[in-house]
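So the chains spell out like this:
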Amino acid sequence: MRILLVEDDHEIQSFVTDALLGAGYEVDAADDGQTASSLAAKRSYHGMIVDLGLPDLDGIDLILQLRHSGVRSPVLILSARRSVDERVRGLELGGDDYLTKPFAVAELLARMRNLLRRHSSVAEDPTRLHVGDLELDLLKRRATRAGDVLNLSPQEFALLEYLCRNAGKVVTRSMLLADVWGMRFQPDTNVVDVHIYRLRGKVDLPGRSPLIKTLRGIGYVVTAA
Amino acid sequence: MSSPPPDPVTRSAAWRISLWATLAFAVGTLIVFAMLQQFMVSQIQQRSDAWLSGEVAVLGDVAGRTPKDNLYDRVVGEVAELASREVPNQRKGQGVDNSAVFFLQAAEDGPPRLWVGEGDGLKHLEAIRSSRVLAGVPRDVKVRGTSYPFRVAATRIADGSYIYLGLSEQDELRVLRDMMIRFVFIWLLIVLLGFVIVFYTTRRMLGYVREITEAASHIGESDLTSRVPNLTGKDEVGHLARTLNRMLDRIENTVHQLHTITGALAHDLRSPLTAVRGKLEVSLSRDLKADQIEPIAAAIDELDRLTDFLNASLDVAEAKADALRLSRREILLDELVRDMIALYEPSMAEKGIQVSVKILDSCQVLVDAALIHRVLANLLDNEIKHLPPCCNVQISLHADEKVAVLTVEDNGPGFDIAVQSRLFQQRVKGRDSRGYGLGLAFVQAVVRAHGGAVSASNRLSGGIRLSIEIPLTKRSGGSVHDVIAARA
């Protein structure tokens, strides 16, 4: 998959490019809005990463301009502003996402992947999820592990569902906080970890192979392997 | 936010000012009219007195020269009759009224010698004698059986008897009464007109002041672009409006500058921070020895803490300067609190802290939900960090008259006495706190930016009590009784 990266800071551009290449994407990088427009006109991209503070153009205007000329690919917005203004929120509703600087590379990759998946998988909405011997019945809101019903609260089920939908992929704490709880802030304490810890206590009982794994400093991943 | 319902006119300053001004005006004009009336009265009196004196002198002269024979009565009587036709103040078209004038000749005592007028003149003579009318000085005489007094002048003739000429004051009084009625009518009209004019002008003036007040009250609620309606007038109100607008220009400039500075600071610091963090992270993903990983991970942690600090101090700085950009929407505060507790409850339980939540009312508020999330997170993070195990936290939410009141109480060690009076200041923190001392400053700044208030104190029974008030958009109908208790 090919991604267009629009970022004027060369340091950031270089390590994000490296990270995307390392994750198996093809990357075209642009320093400013002008270059980005001409690149986007030449070929289509599966996704775009756009910094808001470009030298020649406001990032939002670039996105609106691209949208206007028919570019439909999802955008991950990078913002150095702390408070994300209304216009970004508006875009977010349209299926895009944003990250404030400084961000974790893992977070960027996770969100990019999330965006691309959301964009490509249109009708695929399963009623059951499987990870190893864990099975989630999304209609009955019931989880079983090797046939044994897990006694989960609705919130725990929602958390497990999110992890299982992203099985094999890293999800970060702020992704969990945003997508499961609908909140965007940086807690001062390990509130998300405690939820995962509790969930793990119910899902990964002693004697069973652990499904929920912690990636230190990054987040969590659910995988059967 | 909805503007308050317009006050009834009778409570406006314009109304009060007009009332007082009209009162003063009415009293003033009343005095002028009264003086005018008095002047008219004395003028009319003088005219009739002059006529009376003149006529009575003529009559006295005629009576003195006319021989006292049989014709005397006729001659004097006719002269008197003639004189009565020239009565002053006589109403037009109303012929000579017999009762309006009388002529009387009488000695010091005894019956009248000569009487020209209505009736036999006995009553008149009696009245004249009892009020001692002196020659040369006209006097008012009230005669029994007549409704109006007479003005009577007297003169003494050669034979020692007196000649009296009486003029009824009926017409005079009628003229004065008519005038009085006109005066009162004109006075009422002038007063009413005065009231209307004063009310209209003050209302117009104060209307400008009200417009200025309204515009000014909207400014500062994160809107600095609007201006007070600019009045071209050269009066005080126009001057006030222009001064206010100039002040707003300066404030807007300052805030804009602050935004530019914080924005630039944020941007200039963030880009290198992002680059450094990215490089560290990329280097972590390479194959490294365990002893190399640790310092890099620690450096990333420190960078994240630095970022948090940067964010928080810029937020507090902006919020304190009333320059926080709020993206408000209507939410139910009770739901937000419930969600937040659901998120934090496991962490608190993990630390052995028992939480109980009491939500009494559903509270609709117009807030920036993301900021309120952070406010609550701040408070709950604080509880987790500072409360020893086995303590209780009680969180309650209820709707007061116009505000939603959220209270957080615990039975922990309470605030450090040394910082208690400065809890909401920046960089103030307890002795064993690891934070930057921005938490409560941030909480207060955000709540204030929403038009609310925060108070914090140590409870008498130990522990803290922190209460936050946020204005309600409307008090939601049914009250919700909801008690969640969670046990560690």
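For the structure, see preceding data.
Residues numbered from 1 in each chain as written. Chains lettered and ligands numbered in written order. Predicted model: local features only at pLDDT ≥ 70, side-chain atom pairs only at ≥ 80, totals over all residues. Heavy atoms only, no water.

Undergrad: Tell me about the environment of Val-408 of chain B, and please be specific about residues and values.
TA: All names here are of chain B. Inspection of the secondary structure assignment puts Val-408 in strand E10 (residues 403-410). Residue class for Val-408 comes out buried when judged on its relative accessible area of 5%. Placed twelve residues apart in sequence, Val-408 and Ser-396 show a C-alpha to C-alpha distance of 6.7 Å. Apart from residues lying up to four places away in sequence, Val-408 is in contact with Leu-379, Glu-383, Val-393, Gln-394, Ile-395, Ile-464, Arg-465 and Leu-466. (Helix = DSSP H or I, 4+ residues; strand = E, 2+ residues; numbered from the N terminus. Buried < 20%, exposed > 50% of the residue type's maximum accessible area, 1.4 Å probe, protein only. Contact = heavy atoms within 4.5 Å.)

Undergrad: Give a description of unusual backbone geometry that names residues and reports values.
TA: Residue and element names in this part refer to chain A. In this structure, the amide linkage connecting Lys-101 to the following residue, Pro-102, adopts the cis form with an omega of -5°. Note on placement: Pro-102 falls in the loop between strand E5 (97-100) and helix H5 (105-120). Positive phi is not limited to glycine here, since Arg-141 has a value of about 55°. Locating Arg-141 in the fold gives a position in the loop between strand E7 (134-137) and strand E8 (142-145). The phi torsion at Ala-146 lies on the positive side, around 50°, for a residue other than glycine. Following the sequence through the fold, Ala-146 ends up in the loop between E8 and strand E9 (148-150). Judged by its relative accessible area of 45%, Ala-146 is partly exposed.

Undergrad: Break down helix H3 (residues 122-130) of chain B for me, with residues and values.
TA: Residue and element names in this part refer to chain B. Every buried residue of H3 is accounted for by His-124, Leu-125, Ala-127 and Ile-128. Looking down the long axis of H3, one finds its buried residues gathered within 165° of arc, a one-sided arrangement. Considering only its buried residues, H3 is in contact with strand E1 (101-106), strand E2 (114-116), strand E3 (139-141), strand E4 (150-156) and strand E5 (162-168). At the exit of H3 stands Arg-132, carrying a positive phi of roughly 50°. (Arc of directions from axis to C-beta.)

Undergrad: Could you give me a rundown of the pattern of salt bridges, with the residues and numbers involved?
TA: Residues and elements named next belong to chain A. Counted by the stated rule, this structure contains 28 salt bridges over all chains. A salt bridge links Asp-148 to Arg-208; the nearest nitrogen and oxygen atoms lie 3.0 Å apart. Placement of the pair is Asp-148 in strand E9 and Arg-208 in the loop between helix H8 (191-203) and strand E11 (212-215), with a sequence separation of 60 residues. Of the residues examined, Asp-148 reaches a relative accessible area of 41% and is grouped as partly exposed. The partly exposed category is assigned to Arg-208, whose relative accessible area is 26%. Members of the salt-bridge network, linked through shared partners, are Arg-2, Glu-26 and Asp-28. (Salt bridge = Lys/Arg side-chain N within 4 Å of Asp/Glu carboxyl O.)

Undergrad: Describe the packing of H8 of chain A against helix H7 (residues 333-350) of chain B, listing the residues and the values that go with them.
TA: Orientation of H8 of chain A relative to H7 of chain B, taken along the N-to-C sense of each, is 75°, at an axis distance of 8 Å. With respect to H7 of chain B, the element H8 of chain A is oriented roughly perpendicular. Across from Val-191, Val-194, His-195, Tyr-197 and Arg-198 of chain A in H8 of chain A, the residues of H7 of chain B making contact are Ala-342, Leu-343, Tyr-344, Glu-345, Pro-346, Ser-347, Ala-349 and Glu-350 of chain B. The residue inventory of the contact of H8 of chain A with H7 of chain B, partitioned by class, reads eight nonpolar, two polar and three charged. (Axes fitted to C-alpha atoms, helices over the stretch in contact; angles between N-to-C directions. Parallel < 35°, antiparallel > 145°, perpendicular 65-115°, else oblique. Nonpolar A, V, L, I, M, F, W, Y, C, P; charged D, E, K, R; others polar.)

Undergrad: Give me the interface of chain B and chain A: which residues, what numbers.
TA: On the chain A side, the residues contacting the 39 residues of chain B number 32 residues. Interface of chain B and chain A: buried area, both sides summed, is about 3200 Å²; carbon and sulfur atoms make up 58% of it. Its largest share of buried area at the contact with chain A, chain B owes to Arg-270, Thr-274 and Leu-343 of chain B, together 19% of the area lost on that side. Joining chain B to chain A, the criterion identifies three salt bridges. Our enumeration of links across chain B and chain A arrives at nine residue pairs in polar contact (both at pLDDT 80 or more). Among the secondary structure elements, those contributing two or more residues to the side of chain B that touches chain A are helix H5 (236-285), helix H6 (290-320), H7 and helix H8 (369-386) of chain B. Grouping the amino acids of the side of chain B that touches chain A by side-chain chemistry returns 14 nonpolar, ten polar and 15 charged. (Buried area = accessible area lost by both parts, 1.4 Å probe. Polar contact = N/O pair within 3.5 Å; in protein donor to acceptor, adjacent residues only side chain to side chain.)

Undergrad: Explain the nonpolar core to me, and be specific about the residues and the numbers.
TA: Within the largest apolar cluster, 87 residues are counted, with the highest numbers of intra-cluster contacts made by Leu-176 of chain A together with Tyr-344 and Ile-468 of chain B. Setting aside its immediate chain neighbours within four residues, Leu-176 of chain A contacts Leu-159, Tyr-162, Leu-163, Val-171, Trp-181, Val-192, Ile-196 and Tyr-220 of chain A. Listed in part, the 21 residues of the second largest apolar core include Leu-5, Leu-20, Leu-76 and Leu-108 of chain A. (Core = buried A, V, L, I, M, F, W, Y, C linked by side-chain atoms within 4.5 Å.)

Undergrad: Kindly report on a nonpolar patch on the surface, identifying the contributing residues and their values.
TA: Residue and element names in this part refer to chain B. Taken together, the side chains of Trp-20, Leu-23, Val-27, Ile-31 and Met-35 make up a nonpolar region of the molecular surface, amounting to roughly 570 Å² of accessible area. Looking at the element boundaries, Ile-31 is found in helix H1 (residues 13-65). On the accessibility criterion, Ile-31 (48% relative accessible area) is partly exposed. (Patch = residues over 30% accessible without salt bridge, like charges linked within 9 Å, V, L, I, M, F, W, Y side chains within 5 Å. Areas by Shrake-Rupley, 256 points an atom, 1.4 Å probe, with all protein chains shown as cover.)

Undergrad: I'd like to hear about the pairing of E10 of chain B, residue by residue, with values.
TA: Residue and element names in this part refer to chain B. The buried fraction of E10 amounts to eight of the eight residues, a majority that puts the element mostly inside the structure. Here E10 shows two buried faces, one formed by Val-403, Val-405, Thr-407 and Glu-409 and the other by Ala-404, Leu-406, Val-408 and Asp-410. In this structure, strand E9 (residues 392-399) lies alongside E10, joined through seven bridges in antiparallel fashion. By the bridge assignment, Gln-394 is partnered in E10 with Glu-409. Where E9 hands over to E10, the hairpin turn is made up of three residues, counted between the paired strands. (Pairing = 2+ DSSP bridges.)

Undergrad: Can you break down the environment of Asp-400 of chain B residue by residue, with the values?
TA: Its place among the elements puts Asp-400 of chain B in the loop between E9 and E10. Taking the C-alpha atoms as reference points, Asp-400 of chain B and Pro-471 of chain B, 71 residues apart in sequence, are found 9.4 Å from one another.

Undergrad: Residue-level account of the packing of aromatic side chains, with values.
TA: Residue and element names in this part refer to chain B. Under the criterion given, the structure shown has eight aromatic pairs over all chains. Between the aromatic rings of Phe-102 and Phe-150, the centroid separation amounts to 5.1 Å while the plane-to-plane angle is 65°, which identifies the pairing as edge-to-face. Taken together, the residues Phe-102 in strand E1 and Phe-150 in strand E4 connect sequence positions 48 residues apart. Take Phe-102 and Phe-150: they sit in the same class, and that class is buried. Ring geometry for Phe-195 versus Phe-199: centroids 5.9 Å apart, planes at 5°, classification stacked. Here Phe-195 pairs with Phe-199, and both are found in helix H4 (residues 170-218), just four residues apart, close to one helical turn. No difference in accessibility class separates Phe-195 from Phe-199, as the two residues are buried. (Phe/Tyr/Trp six-rings, centres within 6.5 Å; stacked < 30°, edge-to-face > 60°.)

Undergrad: Describe in detail the sheet that holds strand E3 (residues 47-51) of chain A, supporting the description with residues and values.
TA: Hydrogen bonds between backbone groups are what pair the strands of a sheet, and the pairing can be parallel or antiparallel. All names here are of chain A. Reading across from one edge, E2-E1-E3-E4-E5 is the order of the five strands in this open sheet, with parallel pairing throughout. The outermost strands of the open sheet, each flanked by one partner alone, are strand E2 (26-30) and E5. For this sheet, the mean angle separating the axes of adjacent strands, direction not counted, is 20°. Packed onto the sheet, helix H2 (residues 33-42) meets strand E1 (2-6) and E2 and runs at close to 140° relative to E2.

Undergrad: Which residues make up the packing of H2 of chain A against helix H3 (residues 59-68) of chain A, and what values go with them?
TA: Residue and element names in this part refer to chain A. Interhelical geometry of H2 versus H3 gives an angle of 20° and a closest axis separation of 11 Å. Considered as vectors, H2 and H3 are oriented roughly parallel to each other. The interaxial crossing formed by H2 with H3 has right-handed handedness. Residues Gly-33, Ala-36, Ser-37 and Ala-40 of H2 pack against Leu-62, Gln-65 and Leu-66 of H3. Classifying every residue of the contact of H2 with H3 gives four nonpolar, three polar and no charged. (Left-handed = near helix turned anticlockwise from the far one by under 90°.)

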